[in-house]
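Examination of the molecular architecture
Next come the chains, spelled out residue by residue.
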Amino acid sequence: MKLHLISLPHTSTTEKGYEQCAFTRKVRDFPAMMNPLGYETLVYGSDRSDAKGKLITCITREQQDYFLSEYDWYREGKYYKIPFDDNLPIWRFFIKQVIKQLKKQVSQGDIILISSPIFYRPLQREFPTIKIVEYGVGYPTILSPYRVFESEAWRNYCYGSNNIPDQQYMNDVVIPNYYETERFPVVEKKEDYLLFMARPIPSKGWAWVQILAAQGHKVKVAGAQKVSGENIEWVGYVDGEEKAKLMGNAKALLSPTIYLEPFGGVVAEAALCGTPSLTTNWGCYRETVEHGKTGFRARTLSELASYIEKLDTLDPNYIATRARSLWSTESVGKLYNDYFTQIS
């Protein structure tokens with residue numbers, strides 16, 4: 001069976017530069033996870049790729065620059081700011097190229113995997129007999145009848161917000177994000193800092209982070225947007241080994257998200273390094289953080305702050321072992337294999 005994996009028009013599935021885009025990272029790592037299970041994975045994306053699947057170029061770096069160089073967010077590398085709007089020229093161009101290439105490659109019995117619902121309707125019109133799967137739903141709008149959600153919390157949120165009627169859940173499943181564990185070495189001895197690795201915006205709990213720092217806790221902040229403040233050290237954008245080292249050495253990861261987080265990948269990545277997380281007590285965190293074992297969940301800032309002194313009671317090896325059992329490509333690949341078998 002061939003899996004036709006559709007990436008995004010504005011990023012590249014390379015080892016460096018796009019770690020901040022969870023959807024791009026998932027595309028990059030997916031072929032290496034599924035190929036050993038007997039699948040042939042074709043990646044439809046930009047001409048720069050480190051994904052282990054067969055690359056089908058649908059846009060070049062020069063074309064990305066042509067469409068996007070006028071935008072500040074693109075020049076600054078803040079790729080998460082792209083509007084998911086199929087009226088934008090880059091989306092129209094990319095979708096057209098994807099359809100052109102799919103017509104050369106797709107066969108009956110194959111599966112098309114989309115990274116955004118923006119692809120569903122144009123692809124469904126062109127390939128009405130091919131199953132199109134939203135293979136990593138971490139966004140609010142769902143269109144395909146075949147859906148893989150990143151957490152149970154997010155699945156139920158999407159059912160409610162999209163008014164999905166009864167009897168339309170049968171082809172759905174929850175499969176978490178996946179990671180190549182060798183990228184995340186376990187660090188047992190932690191340093192005395194908390195780590196915040198998210199956009200410094202209210203919905204990500206940035207105000208809580210600032211208050212914790214003002215209370216005397218040293219906080220390192222990683223990301224493209226520069227920040228400053230009392231006891232706050234901005235380290236810039238990091239990825240690869242530098243990112244893993246920063247996570248592994250941290251006393252804890254801070255992820256006090258105010259909204260319902262679909263999965264919160266940084267929590268999983270930190271756990272793979274043996275680093276606990278301090279999170280809010282809703283959304284995916286009730287599934288990903290084992291309270292009192294791999295981190296602490298809290299409803300209020302004062303409760304979250306009270307757990308900092310208890311971080312030393314947590315076992316980095318237990319945290320990492322649990323994370324590997326849940327989110328390694330070996331574990332998650334089997335779940336995708338089971339799902340593809342069921343819907344075929």
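Structure's up top.
So, a few notes on the structure that sits alongside this text. (Residues numbered from 1 in each chain as written. Predicted model: local features only at pLDDT ≥ 70, side-chain atom pairs only at ≥ 80, totals over all residues. Heavy atoms only, no water.)

Turning next to the pairing of strand β11 (residues 252–255). Of the two faces of β11, the one holding A252 and L254 and the one holding L253 and S255 are both buried throughout. Pairing geometry for β11 and strand β12 (residues 277–280), over three bridges, is parallel. Pairing of S255 across the sheet is with T279, part of β12. This β-α-β element, β11 to helix α9 (residues 265–272) to β12, shows right-handed connectivity. (Buried < 20%, exposed > 50% of the residue type's maximum accessible area, 1.4 Å probe, protein only. Helix = DSSP H or I, 4+ residues; strand = E, 2+ residues; numbered from the N terminus. Pairing = 2+ DSSP bridges. Right-handed = clockwise from strand over helix to strand, strands pointing away.)

As a packed pair, helix α1 (residues 22–34) and helix α13 (residues 329–343) sit with axes 9 Å apart at the nearest point and diverge in direction by 80°. Between α1 and α13, the angle is such that the two are roughly perpendicular. Taking contact as the criterion, the partners of F30, M33 and M34 in α1 are, on α13, T329, V332, G333, Y336, N337 and F340. A class-by-class count of the residues in the contact of α1 with α13 yields six nonpolar, three polar and no charged. (Axes fitted to C-alpha atoms, helices over the stretch in contact; angles between N-to-C directions. Parallel < 35°, antiparallel > 145°, perpendicular 65-115°, else oblique. Contact = heavy atoms within 4.5 Å. Nonpolar A, V, L, I, M, F, W, Y, C, P; charged D, E, K, R; others polar.)

Here the focus is the environment of R183. By the element assignment, R183 lies in the loop between β7 (172–174) and β8 (194–196). C-alpha of R183 to C-alpha of Y193: the two residues are 10 residues apart in sequence and 21 Å apart in space. When sequence neighbours within four positions are dropped, the list of residues in contact with R183 reads E15, R28, D29 and A244.

Summed over the entire model, instances satisfying the criterion amount to 19 salt bridges. A salt bridge links E152 to R155; its shortest N-O distance comes to 3.0 Å. On the criterion of helical spacing, the pair formed by E152 and R155 is a turn pair, its members being three residues apart in helix α6 (residues 152–161). Judged by its relative accessible area of 35%, E152 is partly exposed. The shortest N-O distance in the salt bridge between E180 and R183 comes to 2.8 Å. Classification of R183 as partly exposed rests on a relative accessible area of 26%. Among the charged side chains, a network of salt bridges with common partners joins E15, E19, R25, R28, D29, E180, R183, K243 and E269. (Salt bridge = Lys/Arg side-chain N within 4 Å of Asp/Glu carboxyl O.)

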